[in-house]
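# Inside the fold
Next come the chains, spelled out residue by residue.
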Amino acid sequence: MTAPTYARRLSVFDATMLVVGGIVGAGIFLNPAVVAQRVSTGGLAVFVWALGGAVALAGAFVFAELGARKPLAGGGYVYLRDAFGPLPAFLYGWTQMLVINSGGIAAVAVTFASYAASLAGAPDAVIVPVAIGAIVVLSGVNYLGIKPGSVVQNVFTVLKLAALAGLIVAGLVVAGPDEGAAVGAASVAAARPAGGFALVAAVGAALIPVLFAYGGWQSTNFVAEELRQPRRDLPKAIVWGVVIVVTVYVLANFVYLRVLGLSGLAESTAPASDVMRTLLGPAGATFIAAGVTISTFGFLNLAILAAPRVYQTMASDGLFFGRAARLHPTFKAPGAAIVIQAGWAILLCLTKGYAELLDWVVFGDWIFFALVGATLFVYRARDARPLGPHAAPSGSNQQAGLERAEAVTRKEARKPAFRLVGYPWVPLFFVAAGVFAVMSTVGANPLNALLGALTIGTGVPVYFGWRRLAGARRTK
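Residues numbered from 1 in each chain as written. Predicted model: local features only at pLDDT ≥ 70, side-chain atom pairs only at ≥ 80, totals over all residues. Heavy atoms only, no water.

By secondary structure assignment, the location of Ala-201 is in helix H9 (residues 196–214). Residue classification places Ala-201 among the partly exposed positions, given a relative accessible area of 39%. In sequence terms Ala-201 and Ser-440 are 239 residues apart; their C-alpha atoms lie 9.2 Å from each other. (Helix = DSSP H or I, 4+ residues; strand = E, 2+ residues; numbered from the N terminus. Buried < 20%, exposed > 50% of the residue type's maximum accessible area, 1.4 Å probe, protein only.)

Set out below in structure tokens:
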């Protein structure tokens, strides 16, 4: 019997909503306060968010070309495996499963449950059960296939964009001139923090939470095999999705500064809530709290939906539990991988082990971003290799013509449907930004970085163990 394959059910709109939903979580509602604490002026704060947007857009172009080249389930795992070999690819998938994605699922589920409990006036004792319930429900929805999961994603992504639009419109229309005056004066002085090195250090420190708030567009590459027209639609979805997010993020930060001022933003523990309470009273604060609840629920769905495609591809390579390689015969989803992921995330919720793990490997996300971005240089170098025979053909002119035609055909076959403009500078900028983010994180907390590196390194013996098991199965 033929093994089931992924079903091509996602439109370009579905894919764009996956991009937006994979980026916009709770970060834009909370992280601007951290940025404001690390810069000296409002203008510099907006500049850092715009710079982070430029990095995200560069990454979008890089991942768009990679997705057009290899529109396969697994995204970054596939690119790393093809360019650098199976071990770096496995460490990418292992870290996603062990900490980055599963730990993120646990953390976002708890954040969602905290806001939901607050809105409902429920005690803190319900937070963990609600978080686990959300993981179970959304894992069940995504077990039923890519289309039910994408419908949930579309609904909650549109709702979270509506909440952010409400925040932005209120800040631009309702805020009076007095609220904007102080921030405007601060913005004019944006170029005058203390000294060149101090400026670079301030931007570097502020850029860390910004880059992590922009991360997540790569999730759509995980489901590339399920787009109806992946080579055409995946690049469109990634670029459009990132442009939408950059626009929303910069406008939201302008509003935070316009209403609260730099010092008010720096002192805020919930900037979006403080802005809406200032402008619209308690009803505004309730509105934005509902928006954060919706946003985190949608982000949670995306995290549950996308990453199991990585684990399924790993299992197909013999580098994960064998059952995870199978797709459900009816739903065409990696059902076993979804169940394994849910079980581990729930365990992290119950033990509360996700917080420490995420602190350790938060820099790992950008290690792998940079490595995946670097695979584009490998693919482009392969493009430059000659495809025809090196020696002059010994046969007739007709035979030589056939050989040239074959070479052209082979070259066309490997030409991607999308090629980013600005090569090699755009991917160099993106990879350099990734390295900068990693170095800044290591500099901020060397002990956490060491523990994170050791955590990632635990995948090395696991990789060789799974390889031995796979070899033993083949020899039976």
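More follows now that the structure is in view.
What follows concerns helix H15 (residues 335–351). For H15, built from 17 residues, the straight-helix expectation of 24 Å at 1.5 Å per residue is met to within 8% by its first-to-last C-alpha distance of 25 Å. Among the residues of H15, Gly-335, Ala-336, Ala-337, Ile-338, Gln-341, Ala-342, Ala-345, Ile-346, Leu-348 and Cys-349 are the ones counted as buried. Where H15 is buried, its residues meet helix H5 (86–120), helix H6 (127–143), helix H13 (282–306), helix H14 (308–316) and helix H16 (354–361). Just downstream of H15 lies Lys-352, where phi reads positive at about 55°. (Expected span 1.5 Å × (residues − 1). Contact = heavy atoms within 4.5 Å.)

Take helix H1 (residues 12–23) next. With 12 residues, H1 should cover 16 Å at 1.5 Å per step; its first-to-last C-alpha distance of 17 Å lies within 8% of that length. Counting buried positions over the 12 residues of H1 gives 10, a clear majority of the element. The elements touched by buried residues of H1 are helix H7 (146–174), H9, helix H10 (219–222), helix H11 (230–267) and H13.

The next thing to look at is the packing of H5 against H15. Geometry of a packed helix pair, given as the angle between the helix axes and the separation of the axes. The N-to-C vectors of H5 and H15 enclose an angle of 60°; their axes lie 9 Å apart at closest approach. With respect to H15, the element H5 is oriented oblique. Of the two elements, H5 crosses H15, and the hand of that crossing is right-handed. Residues Met-97, Leu-98, Asn-101, Ser-102, Gly-103, Ile-105, Ala-106 and Val-110 of H5 form the contact with H15, whose participating residues are Ile-340, Gln-341, Trp-344, Ala-345, Leu-348 and Cys-349. A per-class count over the contact of H5 with H15 returns 10 nonpolar, four polar and no charged. (Axes fitted to C-alpha atoms, helices over the stretch in contact; angles between N-to-C directions. Parallel < 35°, antiparallel > 145°, perpendicular 65-115°, else oblique. Left-handed = near helix turned anticlockwise from the far one by under 90°. Nonpolar A, V, L, I, M, F, W, Y, C, P; charged D, E, K, R; others polar.)

In this model, Tyr-423 is joined to Pro-424 through a cis peptide bond whose omega is 5°. Take Pro-424: it is sitting in the loop between helix H18 (397–413) and helix H19 (425–444). A positive phi angle, close to 55°, is found at Lys-332, a residue other than glycine. Along the chain, Lys-332 falls in the loop between H14 and H15. For Lys-332, a relative accessible area of 23% puts it in the partly exposed group.

Tallied over the entire structure, the rule returns 25 aromatic pairs. With a centroid separation of 5.7 Å and an interplanar angle of 45°, the aromatic rings of Phe-377 and Tyr-423 are classed as tilted. Of this pair, Phe-377 sits in helix H17 (residues 364–384) while Tyr-423 sits in the loop between H18 and H19, placing them 46 residues apart in sequence. The class of Phe-377 is partly exposed, set by a relative accessible area of 24%. (Phe/Tyr/Trp six-rings, centres within 6.5 Å; stacked < 30°, edge-to-face > 60°.)

Together, Val-169, Leu-172, Val-173, Val-174, Phe-254 and Leu-280 make up a nonpolar patch on the protein surface, roughly 530 Å² of accessible area in all. Per-element accounting of the nonpolar patch gives the leading share, four residues, to H7. Locating Leu-280 in the fold gives a position in helix H12 (residues 271–280). Since its relative accessible area comes to 44%, Leu-280 is described here as partly exposed. (Patch = residues over 30% accessible without salt bridge, like charges linked within 9 Å, V, L, I, M, F, W, Y side chains within 5 Å. Areas by Shrake-Rupley, 256 points an atom, 1.4 Å probe, with all protein chains shown as cover. Salt bridge = Lys/Arg side-chain N within 4 Å of Asp/Glu carboxyl O.)

Moving on to the side chain of Ser-219. On the secondary structure map, Ser-219 appears in helix H10. Take Ser-219: its relative accessible area is 9%, and that puts it in the buried class. Contacts of Ser-219, omitting those with residues within four sequence positions, involve Leu-302 and Ala-306.

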